[in-house]
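Given next are the chains, with one letter for each unit.
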Amino acid sequence: RGERRPPHAPRAQPGVPNVTMASLSAAVSGRPLDGRFEVRETDAGEVLAARSELWIAAEAAAAERAEREAAEKEALLKEALAASGGAAAGGAGGPAGRKKERRIEEKGGRMATTGKLGGEFRRDPNAAFIARRMDKFTALIEKQKAVDAARPREKITITLPDGKEVEGTAWETSPMDVAQGISKSFAKRCIVAKVAYSRRVEGSNSADIARADEDEEGSMPEASGADGELWDMTRPLEGDCKLFLKDFKDEEGKTVFWHSSAHVLGECMEKAFGVHLTIGPPTEEGFYYDSYMGGDAVAEERDFKAINDLAQKIAKEAQTFERLVLSKDEALELFADNPFKVQLITNKVPDGGKTSAYRCGTLIDLCMGPHIPSTGVIGAFQVMKNSAAYWLGDADNDSLQRVYAVSFPDKKLMKQYLKRLEEAKKRDHRLLGQKQELFFFHELSPGSAFFLPHGAQVYNHLMEMIRKEYRKRGFTEVVTPNMFNLDLWHTSGHAEHYLDNMFTFDVEKATFGLKPMNCPGHCLMFRQRQRSYRELPLRFADFGVLHRNEFSGALTGLTRVRRFQQDDAHIFCREDQIGAEVRGALEFMKHIYDIFGFKFELYLSTRPKKALGSAELWDRAEKMMADALDVFTADVAAKAAAAAGGAGDGEAKEEEGAPRWRLNPGDGAFYGPKIDIQVFDALGRRHQCATIQLDFQLPIRFELGYKEASGGEARPVIVHRAILGSVERMMAILIEHYGGDWPFWLSPRQVMVVPVAAAFNDYATEVRDLLFAAGIEAEADLSNKTLNKKVREAEVAHFNHVLVVGEKEVEVRGVNVRPRLRGDDMRGEHSLEGYLAKAVARKAAYK
């Protein structure tokens, strides 16, 4: 949990220049595509860190190790490109410009490469390989159409979300046909369908399709899950099913919209420059496409307009998306001119297996789909920026050009998006942090923030708020060491999977490490004496300082640091207590996020493919978490309905404060299911800070136990829980959420006392001291500046209240309050005691 780079994200390489980041940084930290911050492009995979999962490093590394062990039993594949005879763009150059030594290993679908693939490149609009590829695709699609025409046409039943049943015909009726049967205007809004089949007719070609459209970052969205599979609106249905139709407002619909727009971007890049396309995924805030251009690069002043103009032309043409299922050999032949696609096919598609491709205009690309009905639904398209990248994130591989763009169904949404980006620039926490003198960084301690007095006040206010809640909610705060012998991390498993992310050093011939997380230390605390069932649940909370060895290119303000603190807690409980503890953690989270003004979404991530523990145990755990989510959301809905005057129906709209939870199939940690909580700030940007995770494995590794009522020994379960997550990262989010206009309770500058003349300085000092002694962050401006200048400077510095004191205030022992916000009910004259009481009460109420 917190701020570290997942182990499968590419690392910064020595000598790699800093390059600007856009959509991926927005996904990680919610910041805009503004081009003003720098990260290493090789750390693009850090978009995955937005998940903020506990032990994601161990999870990924364990999966990789299992794949590696399986792969060691297989021989290395033969030279990948030898069979394909790939040529350079437009027939130029061929393999002469490439290193002859290439090694590609099969590792359970993962690739390890050495050498270059791209060869010579020259700009070649409408390159010859486009026509060659189109001819091959045409032959293959005609063959597929003939096969599809011969498939049995059976009557099928299509069930809509409201329970209505629609009759259709297998291999003929499409989701678009059903949508048009509802209304033509509704059909126009539909982006994609989700289909849950109860029965497929004979001859389905959907099974065993190998994914060959993503690199090692796993950047493409999954098309299927436990609740169904995403389906092209124009693709015929294959059996009895439940059908859900999604528009751009739906998250899955938006993802598909941006995925299809990435294909449009790829078509533009091929047409304009003759590039070799590699990977083009959607992101949290748009999409990008990587392409090989040799030593050439996309130039903003020269090329952005050309790409935008081509994209608009493609949108007006309303190009449809055609899906093709093809064998590995057919795919190698179809993409023979693109060595990067050949490498993906060779390594991702098993011999004798199948994959899929889509055609959009002149673009044909490896893709699992699904896609929008046509490019005609793209109403606005804009290239945002470009940068450099490396194939597979490895500096030893070819350098690529990455072009970022964003698209929307209409120009109004684009205008709103661009306006939001401009607002986000003004809220950048690094700029406001300097302007408000909250924190800074220094090259002598990179990745470790120096919190100045005002910044430390905010930091401490956040921790004090959590500490107060701990006392109400039965948590016991503990303090654990900062450094441990590496034996601890061998026991926990971190030494095997996480050592590169730790700061280690030798002490008296033994290796020690600074702790990157608190859970192993808490296990030692639990184990230090015999425990009884009567002690459970045992809730340990820890604000201990953590260190993680992030690469310098990944460090980004307060959102990714090397030294940080978390509101970390581990709950040791019996299995029958899991539900209550999860509900308690959810209620705790909502209480804190309501104070911040955050809206949030809940996701239950379930058993992954490589999970530890029995399926029966996972099923029980998932049901307990699902039940806890049901109870929590129902309670929130009932309270929202009551507040709205509708108590009794137990329902409330999600936008009115009643969240729903969604299933995130297969995305749980390898050691247990988890609940991911995503919050939305004032600009609607998505962040993940809180997490609630079950862990069955650490208690086993540390041999934890407790005495049952019967006298027997039982194993506890650990609930990992954080609300703020990293205090540093939460502070960055709050700076940008509030735009520097802190609420009174959290503000580092709550009160500025301003005397109207030097004669009243003594009274101003007395007022300041009384407020400060009561816990209010108060200052006094005793300078020789004019009254108006003092008041103006206090307002610019974002003091919540300016207290003006003069002869009248001295006589009555009062203050004249000038709030920064117009609607503040404390404006005007108050007695000093009255104001002091109200200010203390406001701070205590988190207002």
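Residues numbered from 1 in each chain as written. Predicted model: local features only at pLDDT ≥ 70, side-chain atom pairs only at ≥ 80, totals over all residues. Heavy atoms only, no water.

## Description of the overall build of the chain
Stated precisely, the cut-off is as follows: Strands are runs of DSSP state E lasting at least two residues, helices are runs of H or I lasting at least four, and both sets are numbered from the N terminus onward. Each residue gets one of three labels from its accessible area relative to the maximum for its type: buried under 20%, exposed over 50%, partly exposed in between, using a 1.4 Å probe on protein chains only. Residues are treated as being in contact if the distance between any of their heavy atoms lies within 4.5 Å.
In terms of regular secondary structure, the chain is built from 23 helices and 39 strands. With 847 residues in all, the chain has 58% of them scored as buried. Sequence separation of at least 24 residues holds for 73% of the intrachain contacts in the chain that already meet a minimum separation of 6.

## What to know about helix 10 (residues 411-426)
Using the following cut-off: Expected helix span is given by 1.5 Å per residue-to-residue step, counting one fewer step than there are residues. In this description, the arc belongs to the directions extending from the helix axis to the C-beta atoms. Polar contact is defined as a pair of N or O atoms within 3.5 Å, subject to the rule that within protein one atom must be able to donate a hydrogen and the other to accept it, and that residues adjacent in sequence are counted only when both atoms are side-chain atoms.
For helix 10, which comprises 16 residues, the first-to-last C-alpha distance of 23 Å matches the rise-based estimate of 22 Å (1.5 Å per residue) to within 8%. Every buried residue of helix 10 is accounted for by M414, Y417, L421 and A424. Angular distribution of buried residues about the axis of helix 10 spans 80°; they occupy a single face of the element. Opposite the buried face of helix 10, at more than 90 degrees from it, the exposed residues are K411, K412, K415, K419 and K426. Against the buried residues of helix 10 lie strand 17 (380-390) and strand 18 (399-408). Put simply, D410 is the residue that caps the front of helix 10, since its side-chain oxygen is 3.1 Å from the backbone nitrogen of K412.

## Digging into the sheet that holds strand 14 (residues 321-327)
How we decide: For two strands to be treated as a pair, DSSP must find at least two bridges joining them. Between N-to-C directions, angles span 0 to 180 degrees; the directions come from axes that are lines fitted to C-alpha atoms, helices contributing only their stretch in contact.
Pairing in this open sheet of three strands is antiparallel, and the strands run 14-15-16 from one edge to the other. The open sheet is flanked by strand 14 and strand 16 (363-366), the only strands paired with a single partner. Recorded for the sheet is a direction-independent mean angle of 25° between the axes of neighbouring strands. Pairing between strand 15 (residues 354-360) and strand 16: four bridges, direction antiparallel. Residue pairing across strands places A357 opposite L366, the latter belonging to strand 16. Where helix 6 (residues 251-273) meets the sheet, its contacts fall on strand 14, strand 15 and strand 16, and the angle it forms with strand 16 comes to roughly 125°.

## Let's talk about the pairing of strand 10 (residues 239-246)
Here two bridges tie strand 5 (residues 155-159) to strand 10, and the two strands are oriented parallel to one another. If you follow T159 over to strand 10, its bridge partner there is K242.

## Thoughts on the packing of helix 12 (residues 453-473) against helix 19 (residues 727-738)
How two helices pack is summed up by the angle between their axes together with the distance between the axes. Which entries qualify depends on this criterion: Relative orientations are named as follows: roughly parallel for angles under 35 degrees, roughly antiparallel for angles over 145 degrees, roughly perpendicular for angles from 65 to 115 degrees, and oblique for any other angle. Should the near helix be turned anticlockwise from the far one by less than a right angle, the crossing is left-handed, and should it be turned clockwise, the crossing is right-handed. Residue polarity is assigned by list, with Asp, Glu, Lys and Arg as charged and Ala, Val, Leu, Ile, Met, Phe, Trp, Tyr, Cys and Pro as nonpolar; anything else, Gly included, falls into the polar class.
At a minimum axis separation of 11 Å, helix 12 and helix 19 run at an interaxial angle of 110°. Relative to helix 19, the element helix 12 is oriented roughly perpendicular. The interaxial crossing formed by helix 12 with helix 19 has right-handed handedness. Along the contact surface, helix 12 presents G455, V458, Y459, L462 and M463, while helix 19 presents V727, E728, M731 and L734. Looking at the contact of helix 12 with helix 19 residue by residue, the class counts come to seven nonpolar, one polar and one charged.

## Some points on the nonpolar core
Using the following cut-off: As used here, the term nonpolar core means buried Ala, Val, Leu, Ile, Met, Phe, Trp, Tyr and Cys residues forming a set that is joined through side-chain atoms within 4.5 Å.
Core analysis: the largest hydrophobic core is formed by 71 residues, its most contacted members being L265, M269, F273, I307, F381 and W391. Excluding residues within four positions of it along the chain, M269 makes contact with G274, V275, L277, S291, V298, I307 and V403. Core analysis: the next-biggest nonpolar cluster, separate from the first, contains 65 residues, A449, I571, F596 and A690 among them.

## Thoughts on the side chain of T278
One can find T278 in the loop between strand 11 (276-277) and strand 12 (282-283). Of the residues examined, T278 reaches a relative accessible area of 1% and is grouped as buried. Of note is the side chain of T278, whose polar atom sits 2.9 Å from the backbone oxygen of D290.

## Observations concerning unusual backbone geometry
In this structure, the amide linkage connecting G369 to the following residue, P370, adopts the cis form with an omega of 0°. Relative to the assigned elements, P370 resides in the loop between strand 16 and strand 17. The omega angle of the peptide bond from L536 to P537 is 5°, so this bond is cis rather than trans. You can see P537 is positioned in the loop between helix 15 (519-527) and strand 25 (538-542). Of note, L392 is a non-glycine position whose phi angle comes to about 60°, a positive value. With respect to the helices and strands, L392 occurs in the loop between strand 17 and strand 18. Its relative accessible area of 16% is what places L392 among the buried residues.

## Some remarks on the confidence of the model for the chain
Heads up, the rule is: Confidence scores per residue from the predictor, reported as pLDDT, run from 0 to 100.
Within the chain, residue pLDDT values average 84, and 83% of them lie at 70 or more. Low confidence marks residues 1-110, where pLDDT is under 50. Its contacts with residues over four positions away, or in another chain, come to 296 contacts. Within the model, pLDDT remains below 50 along residues 647-655, and this stretch shows 16 contacts once partners closer than five positions in the same chain are excluded.

## What to know about the environment of W231
The topology assignment puts W231 in strand 9 (residues 228-231). Considering only alpha carbons, one finds W231 and I191, 40 residues apart in sequence, at a separation of 9.8 Å. At a separation of 3.5 Å, a polar atom in the side chain of W231 contacts the main-chain carbonyl oxygen of P236.

## Some points on the side chain of D681
Relative to the elements of secondary structure, D681 occurs in the loop between strand 30 (674-680) and strand 31 (686-695). For D681, a relative accessible area of 6% puts it in the buried group. A polar atom in the side chain of D681 sits 2.9 Å from the backbone nitrogen of L683. With near-sequence residues (within four places) excluded, D681 lies in contact with F598, H687 and H737.

## Remarks on the sheet that holds strand 24 (residues 510-514)
If you trace the three strands from one edge of the open sheet to the other, you get 22-24-23, paired in antiparallel fashion. Of all strands in the sheet, those with a lone pairing partner are strand 22 (483-485) and strand 23 (504-507), marking the two edges. The sheet shows a mean angle of 35° between the axes of neighbouring strands, direction not considered. For strand 23 and strand 24, the ladder comprises four bridges, and the chain directions are antiparallel. If you follow D506 over to strand 24, its bridge partner there is T511.

## Here's the deal with the packing of aromatic side chains
Two descriptors summarise a pair of aromatic rings, namely the distance from one centre to the other and the angle between the planes of the rings. Here is the rule: Classification of ring pairs uses Phe, Tyr and Trp, with its six-membered ring standing for Trp, and accepts pairs whose centres are within 6.5 Å; under 30 degrees between planes counts as stacked, over 60 as edge-to-face, and the remaining range as tilted.
Under the definition given, this model contains 27 aromatic pairs. An angle of 10° between the planes, with centres 4.8 Å apart, marks the rings of F440 and F450 as stacked. Taken together, the residues F440 in strand 19 (residues 439-440) and F450 in strand 20 (residues 450-451) connect sequence positions ten residues apart. A relative accessible area of 34% means that F440 is categorised as partly exposed. Accessibility expressed as a relative area gives 36% for F450, which makes it partly exposed. Aromatic ring contacts, followed pair by pair, group Y593, F596, F598, F600, W745 and Y846 into a single cluster.

## Structural notes on the environment of K164
With respect to the secondary-structure elements, K164 resides in the loop between strand 5 and strand 6 (165-169). According to the relative accessible area criterion, K164 is exposed, its value standing at 51%. Remark: the alpha-carbon pair of K164 and K242, spanning 78 residues in sequence, is separated by 10.0 Å. Apart from the residues within four sequence positions on either side, K164 is in contact with I158 and T159.

## Observations regarding the pattern of salt bridges
Worth spelling out the cut-off: Salt bridges are defined as contacts in which a side-chain nitrogen from Lys or Arg sits within 4 Å of a carboxyl oxygen from Asp or Glu.
By the definition in use, this model includes 61 salt bridges. Here R200 and E229 are joined by a salt bridge, their closest N and O atoms 2.2 Å apart. One end of the pair, R200, is in strand 7 (residues 192-200); the other, E229, is in strand 9, with 29 residues separating them in the sequence. The shortest N-O distance in the salt bridge between E422 and K425 comes to 3.2 Å. Within this pair, E422 and its partner K425 are both found in helix 10, separated by three residues, close to a single helical turn.

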